[in-house]
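Take a look at the letters that make up each chain.
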Amino acid sequence: MDNREEVREFLTTRRARITPEQVGLATTGSRRVPGLRRSEVATLAGLSVEYYARLERGQIAGASSGVLEALSTALQLDETERSHLYDLARAADGIPTSGRRRRRTPARAASRLSLQWALEAITDGVAFVRDPHQNLLATNALGRAFYSPVLGSGGRTPNLARFQFLDPASRDFYPDWELFAEMCVGIMRTEAGRDPHDRGLQDLVGELSTRSETFRRLWAAHDVRTHGTGTKRFDHPVVGEVTLVYEELAITAEPGLVLLVYTAEPGSPSAERLRLLASWAASQQAAVPTEHSEEGLPQ
């Protein structure tokens with residue numbers, strides 16, 4: 001896999017963000033580049049300048065784990081960035097981390113009855129299944145109500161990245177829009193490094209790069225992140241602002257798919273608003289057969 005440009009840009013952007021003072025180096029004279037010089041990174045990593053220059057030109061194939069660890073330390077990479085560097089090295093060696101084939105397409109996997117039953121068993125929180133392309137594949141009842149601005153009225157599979165960058169409604173739904181945008185792109189960058197052969201993700205990145213200047217800028221930063229756990233604010237069109245904590249769980253039966261569960265602190269205003277949203281959703285659902293019966297359709 002020729003991912004030299006990806007490697008080059010990742011290493012140069014990591015180098016540019018570190019000042020000499022951060023690593024205890026004295027600064028003398030003017031500096032033509034932001035952050036550290038190549039020679040300084042090489043010294044910190046215990047590598048020759050010539051070898052580090054090769055790595056930064058993208059020639060990372062064959063780099064040992066010792067070299068990758070030394071680079072991670074010298075560039076002060078966090079755990080997500082370190083994993084990303086290893087993913088890039090594996091891809092350069094022709095060893096994608098997604099080597100195990102999925103037995104089903106992601107959409108069909110998410111429609112599996114047992115998975116849908118598990119989602120519906122979560123009644124006090126928002127639960128949904130997401131794939132590496134940011135497609136929202138399945139939700140529980142509260143999730144359908146909560147993500148109604150994303151789901152829309154049908155058509156193609158709802159996609160959280162397209163909603164984030166292409167739908168003006170996202171700026172109302174996400175009060176911290178810029179933070180959400182950075183998180184979304186960071187997660188996608190991580191996935192791209194993990195499986196550079198993923199054509200679907202490549203197509204999505206191309207579409208968003210063409211249609212969103214903000215996406216292009218954030219993608220060029222080469223920042224990576226994992227979701228894991230955290231807190232987010234939303235402004236829902238039905239119940240107003242809610243603050244929710246989330247947990248991301250891997251679905252081991254379907255590599256690449258994750259289950260996310262958003263819940264509110266018990267007794268908080270956000271918990272009460274989630275209950276109101278659940279009641280509203282139930283009333284909307286109950287109204288559907290009533291409308292059909294007025295048209296002469298069976299209940």
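This is a predicted model, so every value here is computed, not measured.

K.L.:
Break down the overall build of the protein chain for me, with residues and values.
P.N.:
Looking only at helices and strands, the protein chain has 15 helices and five strands in total. The buried share of the protein chain, taken over its 299 residues, is 43%. The contacts of the protein chain with a sequence gap of at least 6 include a subset with a gap of at least 24, amounting to 56%. When the accessible surface of the protein chain is summed, it comes to about 15,400 Å², and 51% of that surface belongs to carbon and sulfur atoms.

K.L.:
Explain the nonpolar core to me, using residue names and the numbers behind them.
P.N.:
Nonpolar side chains tend toward joint burial in soluble globular proteins. Core analysis: the largest hydrophobic core is formed by 42 residues, its most contacted members being Phe146, Tyr147, Phe165, Met188, Phe234 and Tyr262. Per-element tally for this core: the top contributor is helix α12 (residues 177-194), with eight residues. Core analysis: the second largest hydrophobic core is formed by 26 residues, Phe10, Leu68, Leu75 and Leu88 among them.

K.L.:
Got a sec to walk through the sheet that holds strand β1 (residues 126-130)? Specific residues and values, please.
P.N.:
With antiparallel pairing, the five strands of this open sheet are ordered in space as β2-β1-β5-β4-β3. Edge positions in the sheet fall to β2 (136-139) and β3 (229-236), since each of these pairs with one other strand and no more. Each adjacent strand pair in this sheet contributes to an overall mean axis angle of 30°, direction not counted. Sheet analysis places β1 next to β2, joined by three bridges and oriented antiparallel. The residue of β2 that forms the bridge with Val129 is Ala138. Its contacts with the sheet put helix α7 (residues 113-121) on β1, β2 and β5 (258-263), and the angle it makes with β2 is roughly 60°. Docked against the sheet, α12 engages β1, β3 and β4 (240-250), running at close to 130° with respect to β3.

K.L.:
Describe in detail helix α1 (residues 4-16), supporting the description with residues and values.
P.N.:
The terminal C-alpha atoms of α1, which comprises 13 residues, lie 18 Å apart, in line with the 18 Å expected from a rise of 1.5 Å per residue. Taken together, the buried positions of α1 are occupied by Val7, Phe10, Leu11, Arg14 and Arg15. Buried residues in α1, looked at end-on, bunch into an arc of 125°, giving them a common side. Summarising the contacts, the buried residues of α1 are in contact with α2 (38-45), α3 (49-56) and α5 (79-92).

K.L.:
Just give me the short version of empty space enclosed by the protein, but keep the residues and values in it.
P.N.:
Scanning the entire structure with this criterion turns up one cavity of 30 Å³ or more. Roughly 170 Å³ of internal volume is contained in the largest cavity. Contributing to the lining of the largest cavity are 15 residues, with Gln134, Leu160, Tyr174, His227 and Lys232 lying nearest its centre. Where the lining of the largest cavity is concerned, the elements lending two or more residues are β1, α10 (160-166), α12 and β3. Considering each element in turn, the lining of the largest cavity owes the most residues, four residues, to α12. A per-class count over the lining of the largest cavity returns 10 nonpolar, three polar and two charged.

K.L.:
Before we move on, can you summarise the pattern of salt bridges with the specific residues and values?
P.N.:
Applying the stated rule across the entire model yields 21 salt bridges. Between Arg82 and Glu69 there is a salt bridge, and its shortest N-O distance comes to 2.5 Å. Residue Arg82 is located in helix α5, and its partner Glu69 is located in helix α4 (residues 65-74); the two are separated by 13 residues in the primary sequence. In this structure, Glu120 engages Arg144 in a salt bridge whose closest nitrogen and oxygen atoms are separated by 3.1 Å. Taken together, the positions of Glu120 in helix α7 and Arg144 in helix α8 (residues 141-146) put the pair 24 residues apart, joining distant regions of the chain. The network of salt bridges with shared partners includes Arg14, Arg17, Glu81 and Asp223.

K.L.:
I'd like a rundown of the packing of helix α13 (residues 199-211) against helix α14 (residues 213-220), residues and numbers included.
P.N.:
Look at α13 against α14: their axes get within 5 Å of each other, and the N-to-C directions meet at 120°. With respect to α14, the element α13 is oriented oblique. Where α13 crosses over α14, the two elements pack in a sense that is left-handed. Residues Val205, Leu208, Ser209, Thr210 and Arg211 of α13 form the contact with α14, whose own contacting residues are Glu213, Phe215, Arg216 and Trp219. Here the contact of α13 with α14 is built from residues that sort into four nonpolar, two polar and three charged.

The rules we used
Residues numbered from 1 in each chain as written. Predicted model: local features only at pLDDT ≥ 70, side-chain atom pairs only at ≥ 80, totals over all residues. Heavy atoms only, no water. Helix = DSSP H or I, 4+ residues; strand = E, 2+ residues; numbered from the N terminus. Buried < 20%, exposed > 50% of the residue type's maximum accessible area, 1.4 Å probe, protein only. Contact = heavy atoms within 4.5 Å. Areas by Shrake-Rupley, 256 points an atom, 1.4 Å probe, with all protein chains shown as cover. Core = buried A, V, L, I, M, F, W, Y, C linked by side-chain atoms within 4.5 Å. Pairing = 2+ DSSP bridges. Axes fitted to C-alpha atoms, helices over the stretch in contact; angles between N-to-C directions. Expected span 1.5 Å × (residues − 1). Arc of directions from axis to C-beta. 1 Å grid on protein atoms, 1.4 Å probe; cavity = no way out; pocket = protein on both sides within 12 Å on 5 of 7 lines; lining within 4 Å. Points joined across faces, edges and corners; volume = space filled by probe spheres on them. Nonpolar A, V, L, I, M, F, W, Y, C, P; charged D, E, K, R; others polar. Salt bridge = Lys/Arg side-chain N within 4 Å of Asp/Glu carboxyl O. Parallel < 35°, antiparallel > 145°, perpendicular 65-115°, else oblique. Left-handed = near helix turned anticlockwise from the far one by under 90°.

Shape is all these values report; function is a separate question.
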